[in-house]
Every structure is written in C-alpha cells, then in structure tokens.
Amino acid sequence: MNSGSNMGTQGLQLPNKALLLEGFLDGQTEAIRRSGPAIACVFPAKFLVVSLVVTAVSLFCMWLMHFERAAGTTRFWVVAASGLGITSLVSWIVSARALLLYQRAEGERTGALLRERESLLQEHDLLCTIVDHLPDQIYAKDRLGRFILNNAVHAKSLGLESSRDMAGKTDFDFFPEHLATQFFADEQALIASNLPILNQAQFIPQYGKPGVNYWVSASKVLWRNSRGEILGTVGITRDIHASRMAAEALRRSEEKLRESTLQLERSNRELQDFAYVASHDLQEPLRKIVVFGERLKEKCSGALSSEAGDYLERMERAARRMQTLINDLLSFSRVTIKAQALTAVDVAKTAREVVGDLEARIETVHGRVELGPLPVLQAEPLQMRQLLQNLIGNALKF
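Since the structure is predicted, the reported quantities are computational estimates derived from the model, not experimental observations. (Residues numbered from 1 in each chain as written. Predicted model: local features only at pLDDT ≥ 70, side-chain atom pairs only at ≥ 80, totals over all residues. Heavy atoms only, no water.)

**Student:** What exactly am I supposed to notice about the packing of aromatic side chains here?
**Tutor:** Remark: the centre distance and the inter-plane angle together describe each pair of aromatic rings, the angle taken between the planes. Enumeration over the complete set of coordinates arrives at four aromatic pairs. With a centroid separation of 6.1 Å and 85° between ring planes, the pair formed by Y139 and F147 is classed as edge-to-face. Ring centres of F175 and F183 lie 5.4 Å apart, and the angle between their planes is 90°; this geometry places the pair in the edge-to-face category. Both residues of the pair, F175 and F183, belong to the buried class. An aromatic cluster of three or more residues is present, and its members are Y139, F147 and F174. In this structure, R244 packs its charged tip against the face of W215, placed 3.9 Å from the ring centre. (Phe/Tyr/Trp six-rings, centres within 6.5 Å; stacked < 30°, edge-to-face > 60°. Buried < 20%, exposed > 50% of the residue type's maximum accessible area, 1.4 Å probe, protein only. Lys NZ or Arg CZ within 6 Å of the ring centre and 35° of its normal.)

This is the structure in structure tokens:
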C-alpha cells in the first residue's frame, strides 16, 4: 500500500525498488553485468598495445643512439630527435584511437543501461498501477513479517489513509495478539514447508469496529529472487463476507423449505387418513338413509300423499349427492399426491344440483336463484361444485 513515485499519495510505494523487483531485475540486468567486463576491457587492451609500441620504439632509439655515439658520428642528435618524434607521434595516434574506441564503447554501454532502466521503470509503474487498483488486499512481507509492499485497499481495511503508514510495521500493530501470532506462524510454516496457503477462509475482526468480524479468503505464497532465495511472503486477501452471508441465507432457506416440505407431507398424510375415516364413517349412515327411504317408498307409497312422496324423493336425491360429495372429498385429498386430470363439467347441471341442495336455505330467507345458460368447462368437478355452492351460499347469506 505504499505509493510509487508516479502513483500519487494513495499509490503503491516500494521503499527499495531493487529489493521489491529483485526477482525481475536480476534476469534483466544479468546480461548487462556479463557484458560490462568485456566493454570495460577495451581501453586497457588498447592501452597495452600502445605501451608495447612506445617501449619498442624507445628501445630502438636508444640502440641507435648508442651505436652512433660509439661510432663518433655527427648524426647522433638527428637520429635521436627523429626517433623520439616518431615515437611520440605513433604513441599519440594509437592512444587517441584507443581513447576514441573506449568512449564509444562506454557510450553504447551507458545507452543500453539507460534503456534497460527506462524499461524496468515502465514495467514497475505498470505493476504498481495494477496492484493498487485491484479490489483485493495485496501485500508483501519480509521473512520477519514486516510489510514491504501494500496496496491502497489493504491500507484502507486497516484504517489508514496511505500505504506509506504501513512500511516496516507488522500484523502485531493492527490485529489482536493471538490473531497476529497465528498469521506469523502460518507464514513461518509456509517458509519452512514451501507449501502455499490458498483460499483459506478466515473470520477476522474488522479494524476499528470492536466486536464486528467479517469473512475473508486469504492466500499466501513464497517471494523468491532469481537465485531461488526466499525473501519473504506475498499475500492476497479477498472480502467474501457478502457472498458467505448470501450462501448462509440460502442454506437456511433451503433448510426451511425442507422442513416445510416435510410438514406438508405430514399434513397430506393426516388429510388422507381423515378423509378415509370420514368417508367410511359417513357413508354407512347415508346408505341406511337411502335403503330405508327406498323401503318406505315401496311399502308405503300408496299411503303417502303426493307432497310426502315429493319430500321422500328429495331426501333420497340429497343422500345420493351427499354420498357423491364424500367420495369426491376422498379423491380431492389425494390431489397433492397425484394430479387429477381435468374432465368436462356441465356447469348448468352442477348449478341446478347446488340450488337443489340449498333449497331449504332459499325458502328460509325467501330468496330466488335464477340460472341462465352456462357452458361446459374442462375442470375438476368437486372444485366447480364447491365454487358454485360458495357463491350462491354467500349471496343468500349477505
């Protein structure tokens, strides 16, 4: 979370760029390190050649001077001056040439170094931009657990305005001792075992909010240089509290749904048991009403008035409809277990039967029910009968 030179006050800061990017810099600059001695030796090699030439010419001149002096000739000074002049001229030419080559090599080497430095700085700035704008908390620590790199999200999660404020600090400066000790132990175990920590769910306290914890997913890997030496650890922490809470809410909803399903199944079984008992217990009295009504009609039909015979006929029809309703009730109780197929229902006929069942109530309230043309529908007969009975019953009641 410490900001870089081009990232502003909230950007990424690397206290030691060569240290932070050592794993990358080593590979890029190794070629320059190897080529340095070769370039640097250009001038010493040329200088050695020049020295050898000058030495050889000087020895030749000394030999001539000795020879001429021994001979006693007058050409001694001429030969000496010529030899020294030629030697100086050759030395100057060779030295100037060597110096020119050396400067050219140094210029090329310096240019290469500058281009490499500019390329590394651009890649460093790109890394800083990416790290500092990721939504996750990103950090790097040395082997002692001290923060070396932090992005803005990590600093903000710890109540800091700038990642610069975290430089050199440890988890013990921000978390309870027991939690900081656990983090440090995990990192030391990672260094010792070389086994990364990936997507470890942690329920940690939220900084600055006592008693408030939240879920995060933490991953930590080793930080090595190009020689394989361990420099520390690199970690990424992702806030998964919202998704964890959503998953927990979904789990609770599924659990409630399973409980509701079980309760519904129990209710359905109880309804089936009730419908079976009710149909069995009610059908027996109805059969007796129908049977004794038929016997009364056979034996006493001649003694009954027309009005009494009509009452007896209505009683039998009502008993048979009641028997049908009980059977339909038993079938309806099984609807949730097995869907019932729709059948053609003559709504006009069903309405007339409902009006007949409600005849006594109609006479009591002095009401009148008029039935117009009604269609034949694809429906469940019992539900259609119940619908019409409720509609007409409510109309008579209110």
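Now that the structure is up, let's keep going.
**Student:** Would you mind showing me how to read the environment of T233 here?
**Tutor:** Note on placement: T233 falls in strand β5 (residues 230-239). T233 sits in the buried class, given a relative accessible area of 3%. In the structure, T233 is positioned 86 residues away from F147 in sequence and 9.7 Å away in space, judged by C-alpha atoms. (Helix = DSSP H or I, 4+ residues; strand = E, 2+ residues; numbered from the N terminus.)

**Student:** I tried to follow a nonpolar patch on the surface on my own but got confused; where do I start?
**Tutor:** Together, L126, I130 and L134 line one region of the surface with nonpolar side chains, adding up to about 260 Å² of accessible area. Within the element layout of this structure, I130 appears in helix α4 (residues 76-132). Judged by its relative accessible area of 45%, I130 is partly exposed. (Patch = residues over 30% accessible without salt bridge, like charges linked within 9 Å, V, L, I, M, F, W, Y side chains within 5 Å. Areas by Shrake-Rupley, 256 points an atom, 1.4 Å probe, with all protein chains shown as cover. Salt bridge = Lys/Arg side-chain N within 4 Å of Asp/Glu carboxyl O.)

**Student:** In this structure, what is going on with the side chain of S162? I would like to understand it.
**Tutor:** Here S162 lies in the loop between α5 (152-157) and α6 (177-193). A distance of 3.2 Å separates a polar side-chain atom of S162 from the backbone nitrogen of R164. (Polar contact = N/O pair within 3.5 Å; in protein donor to acceptor, adjacent residues only side chain to side chain.)

**Student:** Got a minute to help me understand empty space enclosed by the protein in this structure?
**Tutor:** To locate leftover empty space, one rolls a probe as large as a water molecule over the atoms. Following the criterion strictly, the structure yields one cavity of 30 Å³ or more and no others. Those elements that place two or more of their residues in the lining of the largest cavity are β1 (137-142), α5, β3 (197-205) and β4 (213-224). The element best represented in the lining of the largest cavity is β4, accounting for four residues. Class assignment of the residues belonging to the lining of the largest cavity gives a composition of eleven nonpolar, six polar and three charged. (1 Å grid on protein atoms, 1.4 Å probe; cavity = no way out; pocket = protein on both sides within 12 Å on 5 of 7 lines; lining within 4 Å. Points joined across faces, edges and corners; volume = space filled by probe spheres on them. Nonpolar A, V, L, I, M, F, W, Y, C, P; charged D, E, K, R; others polar.)

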